[in-house]
Amino acid sequence: AQKITQTQPGMFVQEKEAVTLDCTYDTSDPSYGLFWYKQPSSGEMIFLIYQGSYDQQNATEGRYSLNFQKARKSANLVISASQLGDSAMYFCAMREGTGNQFYFGTGTSLTVIP
Amino acid sequence: DTGVSQDPRHKITKRGQNVTFRCDPISEHNRLYWYRQTLGQGPEFLTYFQNEAQLEKSRLLSDRFSAERPKGSFSTLEIQRTEQGDSAMYLCASSISGQVGEQFFGPGTRLTVL
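K.L.:
Residues and numbers for the packing of aromatic side chains, please.
P.N.:
For the structure shown, the criterion picks out 17 aromatic pairs over all chains. An angle of 25° between the planes, with centres 6.5 Å apart, marks the rings of Y25 of chain A and F68 of chain A as stacked. Of this pair, Y25 of chain A sits in strand β4 (residues 24-25) while F68 of chain A sits in strand β8 (residues 64-69), and the two are 43 residues apart along the sequence. The exposure class assigned to Y25 of chain A is buried, which follows from its relative accessible area of 4%. A residue is classified by how much of its surface remains accessible, and F68 of chain A, at 12% relative accessible area, is buried. With 6.1 Å between their ring centres and 80° between their planes, Y35 of chain B and F45 of chain B make a pair best called edge-to-face. Here Y35 of chain B, found in strand β4 (residues 31-37), pairs with F45 of chain B, found in strand β5 (residues 44-50); they are 10 residues apart in sequence, far enough to count as distant. Residue Y35 of chain B is classed as buried on the basis of its relative accessible area of 0%. Every member of this aromatic cluster is reached through a ring pair, and the members are F35, Y37, F47, Y50, F102 and F104 of chain A together with Y33, Y35, F45, Y48 and F105 of chain B. Lying across the ring of Y103 of chain A, K3 of chain A places its NZ or CZ 5.4 Å from the centre.

Next up, the structure:
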């Protein structure tokens, strides 16, 4: 089974609107971390936001927030007030327990329309 | 610039040749990771170092691949007898023990095997 599933290959959003990128995960470890990364066309992976499995609050970082629904095993990324510079690939990732492997999804390509 | 650097950025080689890539992590980071990313996919974990010790290696990693981090600073990834299927982006990332696990990625080395 896939550890991380991103079911949206591509998404479009109007500039200044909010967009939600979906991510579901699969693990039996009670301790895990969830991450979102942005990969612009230049190729470099940029860390956006982190959510720990024991965190009570949803993580937020500026215009990014993570909608963490533990029972559903989902960790959707919400980008508010989209900007043209948000156009990129977005990857959801997970690290289980104290392990050092990060498991990445297949990514979602986001295009912001002016 | 104090980010993660990788060299070369691009490498074209003929099938059967050996190639070596270098990664220089952020100076105070003791953890170093190698990933491979093919078109349309997320990064796939290859191996992990803590200081100079290689602590984890993906079971998917062929024995043609070897990585070193001799002094706990820079790392090299060597691919022997390259195959066309090795064509990919090879990403390096680093982090510090004790933090939530945020990884800082380098720009990657794009390998093309003809």
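K.L.:
Give a detailed account of the nonpolar core, specifying residues and quantitative values.
P.N.:
If you look at the biggest cluster of nonpolar residues, it comprises 24 residues, and the most contacted ones within it are Y25, W36, I49, L77, I79 and Y90 of chain A. Breaking this core down by element, the ones donating at least two residues are β3 (19-21), β5 (32-39), β6 (46-52), β8, β9 (74-79), β10 (88-96) and β12 (108-113) of chain A. Per-element accounting of this core gives the leading share, 4 residues, to β10 of chain A. Core analysis: the second largest hydrophobic core is formed by 19 residues, V4, I26, F49 and I79 of chain B among them.

K.L.:
Account for the state of the cysteines, naming residues and giving values.
P.N.:
Two cysteines whose sulfur atoms are joined by a covalent bond form what is called a disulfide. Across all of its chains, the model carries 2 disulfides over all chains by this definition. Across the disulfide, C23 of chain A is cross-linked to C92 of chain A (sulfur-sulfur distance 2.0 Å). When the S-S torsion is -60°, as for the bridge of C23 of chain A with C92 of chain A, the disulfide is left-handed. Of the two residues, C23 of chain A is situated in the loop between β3 and β4 and C92 of chain A in strand β10; the sequence distance between them amounts to 69 residues. The residue that forms a disulfide with C23 of chain B is C92 of chain B, at a sulfur-sulfur distance of 1.8 Å. Sign of the S-S torsion, about -65° for the bond between C23 of chain B and C92 of chain B, identifies this disulfide as left-handed. Here C23 of chain B, found in strand β3 (residues 19-24), pairs with C92 of chain B, found in strand β9 (residues 88-95); they are 69 residues apart in sequence, far enough to count as distant. In this pair, the class of C23 of chain B matches that of C92 of chain B, namely buried.

K.L.:
Before we move on, could you go through the pairing of β5 of chain A and cite the residues and values that matter?
P.N.:
All names here are of chain A. Within β5, 8 of the 8 residues are buried, which leaves it mostly tucked inside the rest of the structure. The side-chain alternation of β5 yields two buried faces, one formed by Y32, L34, W36 and K38 and the other by G33, F35, Y37 and Q39. Note: β5 against β10, 8 bridges, orientation antiparallel. By the bridge assignment for β10, F35 is matched with A93.

The rules behind these values
Residues numbered from 1 in each chain as written. Chains lettered and ligands numbered in written order. Predicted model: local features only at pLDDT ≥ 70, side-chain atom pairs only at ≥ 80, totals over all residues. Heavy atoms only, no water. Phe/Tyr/Trp six-rings, centres within 6.5 Å; stacked < 30°, edge-to-face > 60°. Helix = DSSP H or I, 4+ residues; strand = E, 2+ residues; numbered from the N terminus. Buried < 20%, exposed > 50% of the residue type's maximum accessible area, 1.4 Å probe, protein only. Lys NZ or Arg CZ within 6 Å of the ring centre and 35° of its normal. Core = buried A, V, L, I, M, F, W, Y, C linked by side-chain atoms within 4.5 Å. Disulfide = S-S within 2.5 Å. Pairing = 2+ DSSP bridges.

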